[in-house]
Every structure is written in C-alpha cells, then in structure tokens.
Amino acid sequence: MVETRRKVSAVDPVWDRITNEALETVRNEPLMGGLVHACILHHKTLEKALSYRFAAKLASNEMSMVILREIADQAYQESPALIEAARADLVAIFERDPACHRLLQPILYFKGYQAVQAYRIGHWLWQRGQHDLAYFVQMRVSEIFGVDIHPNARIGKGIMIDHAHSIVIGETAVVGDNVSMLHSVTLGGTGKEEEDRHPKIGDGVLIGAGAKVLGNIRIGHCSRIAAGSVVLSEVPPCKTVAGVPAKIVGEAGCDQPAVSMDQRFTDCGCDD
Ligand SMILES: CC(C)(COP(=O)(O)OP(=O)(O)OC[C@H]1O[C@@H](n2cnc3c(N)ncnc32)[C@H](O)[C@@H]1OP(=O)(O)O)[C@@H](O)C(=O)NCCC(=O)NCCS
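Residues numbered from 1 in each chain as written. Predicted model: local features only at pLDDT ≥ 70, side-chain atom pairs only at ≥ 80, totals over all residues. Heavy atoms only, no water.

**Details of the packing of aromatic side chains**
Piece 1. Counted according to the given criterion, the structure contains 1 aromatic pair.
Piece 2. Summarising the aromatic geometry, the rings of Trp126 and Tyr135 are spaced 5.2 Å apart at their centres and angled 80° between planes, so their arrangement reads as edge-to-face.
Piece 3. Looking at Trp126, the relative accessible area reads 10%, which means it is buried. (Phe/Tyr/Trp six-rings, centres within 6.5 Å; stacked < 30°, edge-to-face > 60°. Buried < 20%, exposed > 50% of the residue type's maximum accessible area, 1.4 Å probe, protein only.)

**Remarks on the site of the ligand**
Piece 1. Every residue near the ligand is listed here: Thr186, Gly189, Thr190, Lys192, Leu214, Val230, Leu232, Val244 and Pro245.
Piece 2. Residue Thr190 places a main-chain N or O atom 3.1 Å away from a nitrogen atom belonging to the ligand.
Piece 3. One nitrogen or oxygen atom from the side chain of Lys192 is found 2.5 Å from an oxygen atom belonging to the ligand.
Piece 4. Expressed as a share of its isolated accessible area of 900 Å², the protein-covered part of the ligand is 35%.
Piece 5. Partitioned by chemical class, the residues of the shell around the ligand number 5 nonpolar, 3 polar and 1 charged. (Near = heavy atom within 4 Å. Polar contact = N/O pair within 3.5 Å; in protein donor to acceptor, adjacent residues only side chain to side chain. Areas by Shrake-Rupley, 256 points an atom, 1.4 Å probe, with all protein chains shown as cover. Nonpolar A, V, L, I, M, F, W, Y, C, P; charged D, E, K, R; others polar.)

**Let's talk about the domain arrangement of the protein chain**
Piece 1. One can read the domain layout of the protein chain as domain 1 (11-146) and domain 2 (153-272).
Piece 2. Every contact between the two is made by 16 residues of domain 1 and, on the other side, 21 residues of domain 2.
Piece 3. A buried area of about 1,400 Å², summed over both sides, lies between domain 1 and domain 2, and 53% of it is on carbon and sulfur atoms.
Piece 4. Inspection of the region where domain 1 meets domain 2 yields 1 salt bridge.
Piece 5. A salt bridge links Glu84 to Lys157, with the nearest nitrogen and oxygen atoms 3.9 Å apart.
Piece 6. Between domain 1 and domain 2 we count 14 residue pairs in polar contact (both at pLDDT 80 or more) in total.
Piece 7. Looking at the side of domain 1 that touches domain 2 residue by residue, the class counts come to 7 nonpolar, 3 polar and 6 charged. (Domains from an automatic or database assignment. Contact = heavy atoms within 4.5 Å. Buried area = accessible area lost by both parts, 1.4 Å probe. Salt bridge = Lys/Arg side-chain N within 4 Å of Asp/Glu carboxyl O.)

**Regarding the packing of helix α5 (residues 65-78) against helix α8 (residues 111-127)**
Axes are the key here: two packed helices are described by the angle between their axes and the distance separating the axes.
Piece 1. Remark: α5 packs on α8, axes separated minimally by 10 Å, with the N-to-C direction vectors making an angle of 75°. Compared by their axis directions, α5 and α8 come out roughly perpendicular. For the pair α5 and α8, the contacting residues are Ile71, Ala72, Gln74, Ala75, Tyr76 and Glu78 in the first and Gln117, Ile121, Trp124 and Leu125 in the second.
Piece 2. In the contact of α5 with α8, the residues fall into 7 nonpolar, 2 polar and 1 charged. (Axes fitted to C-alpha atoms, helices over the stretch in contact; angles between N-to-C directions. Helix = DSSP H or I, 4+ residues; strand = E, 2+ residues; numbered from the N terminus. Parallel < 35°, antiparallel > 145°, perpendicular 65-115°, else oblique.)

In structure tokens form, the structure reads like this:
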C-alpha cells in the first residue's frame, strides 16, 4: 500500500497531498476512519476515489452502487477531460473558498463539488446517447444535493459552486471556464423562447447568491452579477450588474473576479 502510494505520488502530487491529508484526518479523528478509508485511502488514484464517491452518494434501491461505479469508472477511463476538469474544480475551490483548507474537503464534504462531478458523468452519458441514464443521474443529483443541472448543459472547468443549495442550470445553458457561483443561482429560460433558450456565461464570471439569469443572453467574460439580481439582457465583459432587472453599476474591478472572489463595488461612473 505504502509502495503503491509512493509510486503514484511521483506522478500525482495532488493525490499524494490528498492521501496525506486523509492520514492526518484519521490520526486526529479516529471516528472518521471508516469514511476516510472508504473514500480516499482505499483508492490508488483520484479518479478511483471520485468514482467511489459518485456511486456511494447516488446509489439507492433503484440503482446499485456497483452499477454506478462501473459507469463512473468507464467515464473516467474513456474521457481524460473528465478527470482534468475534476482536478481544476478541486483546485478552484481550494484557491477561492476561504472555508476550504484542504483538498480533501470538497471530495468528502462539499456538495457543490460532488454535484458538479456527478453532472460531468451525466453529461458524458448524454453525449454518448445514453439519455435515460443521464436523466437518472440528473434526478439523483437533484434529490441528494439540491443541484439540478440538465445533462445537455455545457460547463467548463475550474468551476466553484459554493454552498450549492438550489442551483438550476437549464438544458441549453453554457458556462465557461473558471466561473464561480454562490447558492440559489438559476440559469434558466424566460418561458418565451424555444430551443436554444438559456444563458451563455463567459469565462471567469462571478454570479452572486440568488441571482437569476434568464433567457438566451450572453454574460461577457469576467463580469460580476450581484446577489439577488434578475438579469434579462446581455452583459458586456468585465462589468458589474445588479438589481431587478439588473443594470450595469460598475466595472468588474479586476481581471478575474470569479478567481479572486473580489466582491467589492467598483464604480465605473455609468448611469444607465
Ligand atoms: C415576467 C416574465 C414572464 C416576462 O413577462 P413579459 O410580460 O413578457 O415581460 P417582458 O420581458 O416584456 O418585460 C416587461 C418588463 O418587465 C421587466 N421584467 C421582466 N421579467 C422580470 C422579472 N423576472 N423581474 C423583474 N422585472 C422583469 C422587464 O425588464 C421589462 O421592463 P421594462 O419595460 O422597464 O423594460 C419573464 O421574464 C419571467 O420572469 N419568466 C419566468 C422565468 C423563470 O422563472 N425562469 C426560470 C426557469 S428555470
């Protein structure tokens, strides 16, 4: 076991760090031993650990853990982009969430991370035409985590969904890389458009808690959407919008608001 971990650590310092954090957790809190062994220490790679976590969380009387684990194992094996995105999401949370002190935390405890990884497997199934299995994954993710992401939605990497209660992302939504969002965000339709009817969120956008972005509108890269806003029209890049309906209230204030999680107000002198 130790030999194996050494071999893996030579090529995967992230997994090495996670296993060391896991060992420390068990040392500090022996009552966590069973969970930490099952979720981390029992596995040789990050993808095997994520596959186990996916299956353990989503299994029910309707679908066994064995089947779910086979699905996830196959997904990670056939699509290296999935594990690349899972790593980018992990690092994004570690860097942006002040409550995240160890890489271990999102894997064990953060439902935003777990929900996004499960969505990614559902999206992989959807792309292969396995729509019923993809819908099943969407349903279980919604039931377990309160995060409802349609498997056809396209979501980039380096995503942080903090707190993650009540997230809704519609069928034709697109979310770029390095986007951060807080709880109760909706990327939905207005009910007036058909087919391609959901928002397109650019790279590096920060979406505040409770914001509703409605319709097939483009949110420019590195913009910020204030908590509680209802965004009904296009947002240019690098702006801050707020209100119901949302209006431009300032510049985004920095190059990558979603990465720096800069939530200060920066006046741009706009009065529209
Ligand atoms: C309200 C709604 C039904 C649109 O109704 P509508 O009569 O077609 O309204 P319009 O789009 O023509 O907008 C009329 C005015 O109301 C405003 N408005 C529209 N929707 C609004 C909303 N949700 N909140 C606040 N103001 C809204 C518009 O900005 C516009 O203001 P203006 O005249 O000053 O420019 C629609 O915007 C809506 O909110 N649908 C529900 C969507 C939803 O819940 N989606 C989630 C899917 S998961």
